[in-house]
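Architecture and fold: a report
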Amino acid sequence: FRRVLFRSNKCNLNCFYCYAKDDRKLNDLHVTEWKRILDKLIDDGLRIVLFSGGEPFLYEDFFLLLEQYHNKIIIEINSNGFFIDNECAKKLKEFNLKSIQISLDSPTKEYHDSMRGKGSWQKAIDAISVLRANDIHVRINAVQTQKNEGFVNEMICLANEYDVELSTDSIKYHGQTQNSLDIKKYKESYKLSKESESKVSKKLNENEFIPICQCQIGYIAISSDGTLKPCNLTRSFYKNSDILTDSYGSNWHDKAFSATTLGNTINKLNNSYTLSGDIEQGDFPCKLQAVVETIR
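Chains are numbered independently. Their residues run from 1 in the order of the written sequence. Selection of residues for local features in this predicted model requires a pLDDT of at least 70, selection of side-chain atom pairs for listing and counting requires 80 or more, and totals for whole chains, interfaces and linings are taken over all residues. Working from all heavy atoms in the structure, the side-chain values ignore hydrogens and water.

Between the rings of Phe, Tyr and Trp (Trp by its six-membered ring), a pair exists once the centres lie within 6.5 Å; its type follows the angle of the planes, with under 30 degrees stacked, over 60 edge-to-face, and the other angles tilted. A complete count under the given rule lists 9 aromatic pairs for this structure. Here Phe57 and Phe63 contribute two aromatic rings whose centre-to-centre distance is 6.0 Å and whose plane-to-plane angle is 55°, an arrangement assigned as tilted. Look at Phe63 and Phe95: their rings are 6.3 Å apart centre to centre, the planes differ by 50°, and that puts the pair in the tilted class. Taken as a pair, Phe63 in helix α2 (residues 62-69) and Phe95 in the loop between α3 (86-93) and β4 (99-103) lie far apart in primary sequence, 32 residues in all. Think of it in three bands: with a 1.4 Å probe and only protein chains considered, a residue is buried below 20% of the maximum accessible area for its type, exposed above 50%, and partly exposed in between. Using a relative accessible area of 5% as the deciding quantity, one classes Phe95 as buried. Taken together, the ring pairs connect Phe6, Trp34, Phe51, Phe57, Phe62, Phe63 and Phe95 into an aromatic cluster. Only Lys NZ and Arg CZ are tested; either one counts as a charge over a ring when it is within 6 Å of the ring centre and within 35 degrees of the ring normal. Above the plane of the ring of Phe63 lies Lys91, whose end atom (NZ or CZ) is 4.1 Å from the centre. The ring of Phe82 carries the charged tip of Lys123 above its face, separated from the ring centre by 5.2 Å. Secondary structure elements are taken from DSSP: a helix is a run of H or I of four residues or more, a strand is a run of E of two residues or more, and numbering for both begins at the N terminus.

Below is the structure:
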C-alpha cells in the first residue's frame, strides 16, 4: 500500500449525509494496535497516511500517533474543524503535515449548520483561519447537493480569500443517506457534484490515466476496528471483509493478496475499467460499489 486511510468512529456532529454513522457502535482500536498496524505497513512500503473519521481529534491518543509518526511518514488529516483552535494549530505545525482538510459546505452558516449542526460553520471557519495563520496547508471540502449548488462560485472566492484549496464531493448513497434521501434525489445530487468538480478542479491531460477509484492506485482504508476496505465507505457495506488485525498479512506483494476480499475487489475493478458510465447514475454511488456487489 502507498496511501492508507485510518478512521476513528467518534464524532461530535450529526451530518445529514454521513456515510460513517452506521459504524458509530464500533469501538476504536487501542493505540498500541494502531501502532502495530502502522509499523507493519510502513515496513511494507506505506508512504502516506490520512487520519479521518468521524472526527480524528476525538481519538484520545491522536496526538501521540502524530508525535511518533510524523518523521516516518507523510500525514494528512480530515476534520470538521471543531477542535482546532490556535493552541492546537501551533502543535500541529510542529508535525509538518502535508495538509488538513476541513469540511465546509457553504460560504455562510445557514446551509452548513442545517446539514451538520448549529455552530459548526463558525468552528470550521475559525479552524481554517488559525491553520493558515500557522502556515499549515488547508483544503476545504464541500459535499454537493441540490441545495448548495449555487454556492460554488462563492466557495471558490472564499477559498481564494483564505489561500486554500477547494474540492467538492458527492453524497454517498449508503449509511445515513439511504435513510434520508431517495435514489432519484441522490442521482440529481451526484450529477451536480460532478459538475462542480469540473469547476474547481484542474483539467486532466486527455492522455493521463484516470482511475475509476483511488484503490486502483494504492489508496486503502482501514476502519476503526481494523477492517480492510477498498475505500472509506461504511464498514457494513463490505460484509465479510478482511480484518487486518487477524490473519491477513499487510504485504500487498504477497501472492495471497489476490485471494482476499480486498484483492479480489481491486482485481475486479481493474478488469472492469470499461464499465459503462451509466453505473455512476444507476443504483450505485460509484463503480466500485457495483463491482463489490458482483462479488457479493
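For this analysis, a salt bridge means a side-chain nitrogen from Lys or Arg found within 4 Å of a carboxyl oxygen belonging to Asp or Glu. Per the counting criterion, the structure on display carries 6 salt bridges. Salt-bridge contacts for Arg116 lead to Asp105; the nearest nitrogen and oxygen are separated by 2.8 Å. With Arg116 in helix α4 (residues 109-116) and Asp105 in the loop between β4 and α4, the pair connects residues that are 11 residues apart, well separated along the chain. Of the two residues, Arg116 and Asp105, neither departs from the other in class, the shared state being buried. Between Asp163 and Arg132 there is a salt bridge whose closest N-O contact spans 3.2 Å. Here the residue Asp163 occupies a position in the loop between α6 (152-162) and β6 (165-170), and Arg132 occupies one in helix α5 (residues 120-133), the gap between them amounting to 31 residues.

The next point concerns α5. When the terminal C-alpha atoms of α5 are compared, their 20 Å separation across 14 residues agrees well with the 20 Å that a helix rising 1.5 Å per residue should span. Three or more residues of α5 are buried, namely Ser120, Trp121, Ala124, Ile125, Ala127, Ile128, Val130 and Leu131. Whether two residues are in contact is decided by their heavy atoms: any pair within 4.5 Å suffices. Turning to α5, the residues buried within the fold contact α3, β4, α4, β5 (138-144) and α6. Where α5 terminates, the next one or two residues include Asp135, which has phi positive at roughly 60°. What a helix should span is 1.5 Å times the count of its residues minus one.

Looking now at the confidence of the model for the protein chain. Mean pLDDT for the protein chain: 75, with 58% of residues reaching 70 or above. When mean pLDDT is taken per element in the protein chain, α5 scores highest with 98 and strand β9 (residues 242-243) scores lowest with 53. Predicted confidence is poor over residues 202-211, with pLDDT under 50, and the contacts of this stretch with residues over four places away or in other chains come to 8 contacts. A score between 0 and 100, pLDDT records how confident the predictor is in each residue. Note that residues 273-282 has pLDDT below 50 and, in this model, 20 contacts with residues that lie over four places away or in other chains.

Let us look at unusual backbone geometry. Residues Gly53 and Gly54 are joined by a peptide bond in cis, for which omega reads 10°. Within the fold, Gly54 resides in the loop between β2 (48-52) and α2. Although it is not a glycine, Asn96 adopts a positive phi angle of roughly 50°. On the secondary structure map, Asn96 appears in the loop between α3 and β4. Classification of Asn96 by relative accessible area gives exposed; the value is 68%. With a phi close to 60°, Asp163 is a non-glycine residue in the positive phi region. Its relative accessible area of 55% is what places Asp163 among the exposed residues.

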